[in-house]
Structures are given as structure tokens and as C-alpha cells.
Amino acid sequence: MATKYLCIAASHEDLDTWATVEAGIDDYSQLAVRYTYYHYDGSKSLVGAVVDKEDTATLAGQLGVGIDGLAGVLADEYKDTYSFGASEVEAIFQDILEKILDHGVKYHLKR
């Protein structure tokens with residue numbers, strides 16, 4: 001079964017280049033956060049960060065939610081931020097990665 005992602009931030013799709021940040025829990029109970037950049041030519045680049053099962057559970061416990069609530073916590077944190085450009089969306093992705101580390105858990109990047 002594929003991971004169901006929740007959109008955390010997205011730039012305007014009418015621009016020549018745009019980006020999204022999404023988060024979800026995969027089939028292995030791991031938090032997955034991905035940044036997708038859509039290029040001028042229609043191609044895209046994807047960077048994903050995966051938090052292993054144990055660290056996902058630790059993070060959820062620290063935030064006082066079940067693991068299925070982690071993506072919602074991230075979405076709530078950025079819900080009042082509007083007018084994202086692609087660079088702002090990338091900054092949100094970096095901010096999320098820093099917050100994960102701030103909670104003492106690690107992630108693995110995948111390209």
C-alpha cells in the first residue's frame with residue numbers, strides 16, 4: 001500500500017517552477033516527509049526524509065499524538081503561512097528537518 005501524504009505547503013502551480021512539501025506515515029510506521037520541485041521543462045526532483053519506526057514513535061510521544069497524527073501536527077504548524085514561492089517551500093522542508101533533529105530523532109534522506 002502506498003503512503004498517503006498530507007500537503008504541508010505548496011507554491012502556486014501556475015508559476016513556471018513550483019514545489020510541494022508533504023508528510024505521511026508509510027507501511028512500516030515510519031514518518032516520511034518529501035519535497036518535490038517541479039522544473040520549467042515539466043520534470044521534477046524529489047527529496048525524501050524518512051524517520052525510522054522507533055524514532056517515529058518517540059517523536060509522536062514527545063508531541064503527544066499517535067503516529068498517524070504526526071503529519072497533521074506538521075500541517076497545523078504551517079497552515080497560517082500563505083503565498084509560498086518554491087524557495088519558501090524548500091525553507092519549510094528544511095525547517096521540518098531541523099525540528100525533527102531538535103526532538104532528538106534522526107532521519108535518512110532519499111533522492
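See the structure above.
The text that follows walks through the structure, step by step, so that each part is easy to find. (Residues numbered from 1 in each chain as written. Predicted model: local features only at pLDDT ≥ 70, side-chain atom pairs only at ≥ 80, totals over all residues. Heavy atoms only, no water.)

**What about the nonpolar core?**
Part 1: Grouped together as the largest cluster of nonpolar side chains are 28 residues, with contacts concentrated most on Ile8, Val21, Leu31, Val33, Phe93, Ile96 and Ile100.
Part 2: Sorting the residues of this core by element identifies strand E1 (6-10), strand E2 (18-25), strand E3 (31-38), strand E4 (44-51), helix H1 (53-63), helix H2 (70-78) and helix H3 (86-102) as the ones contributing at least two each.
Part 3: With seven residues, H3 is the single largest residue contributor to this core.
Part 4: For Val33, the residues in contact, after removing those within four places along its chain, are Val21, Glu22, Ala23, Val47, Gly48, Ala49, Leu74, Phe93 and Ile96. (Core = buried A, V, L, I, M, F, W, Y, C linked by side-chain atoms within 4.5 Å. Buried < 20%, exposed > 50% of the residue type's maximum accessible area, 1.4 Å probe, protein only. Helix = DSSP H or I, 4+ residues; strand = E, 2+ residues; numbered from the N terminus. Contact = heavy atoms within 4.5 Å.)

**Considering the pattern of salt bridges**
Part 1: Scanning the model with the defined rule gives three salt bridges in all.
Part 2: For Glu77, the salt bridge goes to Lys99, with nearest N and O atoms at 2.6 Å. In this pair, Glu77 is assigned in helix H2 and Lys99 in helix H3, connecting sequence segments 22 residues apart.
Part 3: A relative accessible area of 42% places Glu77 in the partly exposed class.
Part 4: Residue Asp95 is joined to Lys99 by a salt bridge in which the shortest nitrogen-to-oxygen separation is 3.6 Å. Remark: Lys99 and Asp95 occur in helix H3; sequence separation between them is four residues, near one turn of the helix.
Part 5: For Lys99, a relative accessible area of 27% translates into the label partly exposed.
Part 6: Residues participating in the shared-partner salt-bridge network are Glu77, Asp95 and Lys99. (Salt bridge = Lys/Arg side-chain N within 4 Å of Asp/Glu carboxyl O.)

**Notes on the pairing of E3**
Part 1: Pairing of E2 with E3 involves eight bridges; the strand directions are antiparallel. For Ala19, the partnering residue across the bridge sits in E3 and is Tyr37.
Part 2: The hairpin turn running from E2 into E3, its antiparallel successor, is five residues long, and Ser29 in that turn takes a positive phi close to 60°.
Part 3: Taken together, the eight bridges between E3 and E4 define a ladder with antiparallel strand orientation. (Pairing = 2+ DSSP bridges.)

**Here we look at the environment of Trp18**
Part 1: In this structure, Trp18 sits in strand E2.
Part 2: Trp18 sits in the buried class, given a relative accessible area of 18%.
Part 3: Taking the C-alpha atoms as reference, Trp18 lies 31 Å from Asp55; in sequence the two are 37 residues apart.
Part 4: Once residues within four sequence positions are removed from consideration, Trp18 is found in contact with Ser11, His12, Glu13, Thr36, Tyr37, Tyr38 and Ala86.

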